[in-house]
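# Survey of secondary and tertiary structure
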Amino acid sequence: MSELAKNKFKIVSLGCRTNQYESQAYHDQLVALGYSPAEEHEGADICIVNTCTVTESADSSSRHAIRQLARENQGAKLLVTGCFAERQPKVVEAIDGVTHVIPNAQKEDLLAKIFPQEDLPEFSIKRFDAHTRAFVKVQDGCNSFCTYCIIPYVRGRSHSRTVPEIVKEVESLIANGYKEVVLTGINIGDFDGGAAKDEIPIRLAELVRIVDKIPGLERLRISSIDPDEVDGDLADAVLNGIKTCPSMHVVLQSGSNVILKRMNRKYTRQIFYETVDKLRAANPDFTFTTDVIVGFPGETETDFNDTLEVMRQVKFSKVHMFPYSDRPRTRAMLMPNKVPQTLIKERKQTLLRLAEQLSFELRNEYLSRRMFVLTESRDEHRPHEIAGHTSNFLPVLVQSPTLGPNQIVEVNLVYNTPSGLIGEMKD
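Residues numbered from 1 in each chain as written. Predicted model: local features only at pLDDT ≥ 70, side-chain atom pairs only at ≥ 80, totals over all residues. Heavy atoms only, no water.

## Structural notes on the side chain of serine 144
Relative to the helices and strands, serine 144 resides in the loop between β6 (133-140) and α5 (151-155). Note on serine 144: relative accessible area 19%, which makes it buried. In this structure the side chain of serine 144 is engaged in a polar contact, spanning 3.2 Å, whose partner is the side chain of asparagine 187. Ignoring sequence-local partners within four residues, the contact set of serine 144 consists of Asn187, Asn264 and Lys266. (Helix = DSSP H or I, 4+ residues; strand = E, 2+ residues; numbered from the N terminus. Buried < 20%, exposed > 50% of the residue type's maximum accessible area, 1.4 Å probe, protein only. Polar contact = N/O pair within 3.5 Å; in protein donor to acceptor, adjacent residues only side chain to side chain. Contact = heavy atoms within 4.5 Å.)

And the structure:
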């Protein structure tokens, strides 16, 4: 155990980009109060864990993070929030060392639990540590109630921030040097913010147009969205924006219409194709990332092959794969015909191999092209190159031993590797 360092803090964030955003807000609030992040070897007198419960693995990771911080920072104020804490507050309270369990509805007032007399700084972010792209939470909660998902029960119903709040935050991030912003939320397609609570709501397409015009912004992306929510207005805002990127994370989950219906998803495989085709017809360089669940109850070999076929047709630049796991209170937990774990593992490996093959093939189509890359991070074991992404989210390793992060450079894409394209600096 490390000796506790006064006025030091540690924050562990698990799961979604929304959690990452919230944890950054806690970081900024604590810094404004005179605290500083503890080094790895230091103990901290304030520890925060922002948990996740989207899968059994997320539950396990959340418990492990809480116990590890409690063990390494004995005597610290240990505050636990997030979706696992919301779903299992008694389990969290029973872990030795936990001093506060904060429900999701009170997340933004978390620090008031330990600083009740303080005039706390605003819950917002001005930077996004360890990232060159900043995630800005514009919406929280979900009204969809997919049969496998516990998020509506732990995050609550959909609610949005006001546009002035969002614009102010994006302006602060740009002032602090960020070139790329990602608008994120639990179900961002439900965004209905406005200038004030009693005014006509502004939908996501209009928010994109407003943020796109903020001076100094270089790149704007939208995080995870369902294909049926990419209507003509949103497509127009993204395709015709000044700084909007030709890339989108459109959620698939399954390529089988039978499984999509059992999941209570609001779209079909055909609607997914129509969304992709609409955007690619307008811009052939438009690329897509997605989420897929493997082994949903009742998933047959035919259903699984339908998913693989969608992957072949679309050629995603990246696929986030989740093996199905039962979540309490969800309808899927009670469904028959559960897929055996051994078969889920087999399908998982098949899908991941295909995803890697197809993303490699997609990148091959860009060889010999000149494209702009936003540099992000350098691997200490590969000092001669720095990683980054093109505007359409292709990973690129830029050949330069001196180039720093958060710079936009034009490169020639000369070679393709399993880790990404190799880019040589333009002469």
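So much for the structure itself; the text now carries on.
## Comments concerning the packing of helix α11 (residues 301-314) against helix α12 (residues 341-364)
Interhelical geometry of α11 versus α12 gives an angle of 15° and a closest axis separation of 10 Å. Classified by the angle between their axes, α11 and α12 sit roughly parallel to one another. Here α11 runs over α12; the crossing is right-handed. Contact with α11, carried on its side by Glu301, Phe304, Thr307, Leu308, Met311 and Arg312, involves Arg347, Thr350, Leu351, Leu354, Ala355 and Leu358 of α12 and no other residues of that element. The residue inventory of the contact of α11 with α12, partitioned by class, reads seven nonpolar, two polar and three charged. (Axes fitted to C-alpha atoms, helices over the stretch in contact; angles between N-to-C directions. Parallel < 35°, antiparallel > 145°, perpendicular 65-115°, else oblique. Left-handed = near helix turned anticlockwise from the far one by under 90°. Nonpolar A, V, L, I, M, F, W, Y, C, P; charged D, E, K, R; others polar.)

## Comments concerning the sheet that holds strand β17 (residues 395-399)
The strands making up a sheet associate through backbone hydrogen bonding, with each pair oriented either parallel or antiparallel. Reading around the barrel, the five strands line up as β15-β16-β17-β19-β18 and close back on themselves, with mixed pairing between neighbours. Ignoring strand direction, the axes of neighbouring strands in this sheet form an average angle of 55°. For strand β16 (residues 385-390) and β17, the ladder comprises five bridges, and the chain directions are antiparallel. In the strand pairing of β17, histidine 389 is matched with proline 395. Relative to strand β18 (residues 408-417), α12 is tilted by about 120°, and along the sheet it contacts β17, β18 and β19 (420-425). (Pairing = 2+ DSSP bridges.)

## A short note on the packing of aromatic side chains
One pass over the full model with this rule turns up seven aromatic pairs. Ring geometry for phenylalanine 296 and tyrosine 324: centres 5.6 Å apart, planes at 75°, overall edge-to-face. A residue pair is termed long-range when its members are at least 10 positions apart, and phenylalanine 296 in the loop between β13 (287-294) and α11 and tyrosine 324 in the loop between β14 (318-323) and α12 qualify at 28 residues. Taken together, the ring pairs in this structure connect Tyr148, Phe296 and Tyr324 into an aromatic cluster. (Phe/Tyr/Trp six-rings, centres within 6.5 Å; stacked < 30°, edge-to-face > 60°.)

## Some details on the environment of valine 138
Tracing the chain through its elements places valine 138 in strand β6. Residue valine 138 is classed as buried on the basis of its relative accessible area of 0%. Each C-alpha atom, one on valine 138 and one on valine 163, is 8.4 Å from the other, the two residues being 25 residues apart in sequence. When neighbours within four sequence positions are excluded, valine 138 is seen to be in contact with Ser160, Arg161, Ile166, Leu183, Thr184, Ile188, Phe191 and Leu207.

## Concerning the packing of helix α8 (residues 232-239) against helix α10 (residues 269-282)
One can describe the packing of α8 onto α10 by two numbers: an axis separation of 11 Å at closest approach and a directional angle of 35°. For the pair α8 and α10, the crossing hand works out as right-handed. Two secondary-structure elements touch here, α8 through Gly232, Ala235 and Leu239 and α10 through Lys278, Leu279 and Ala282.

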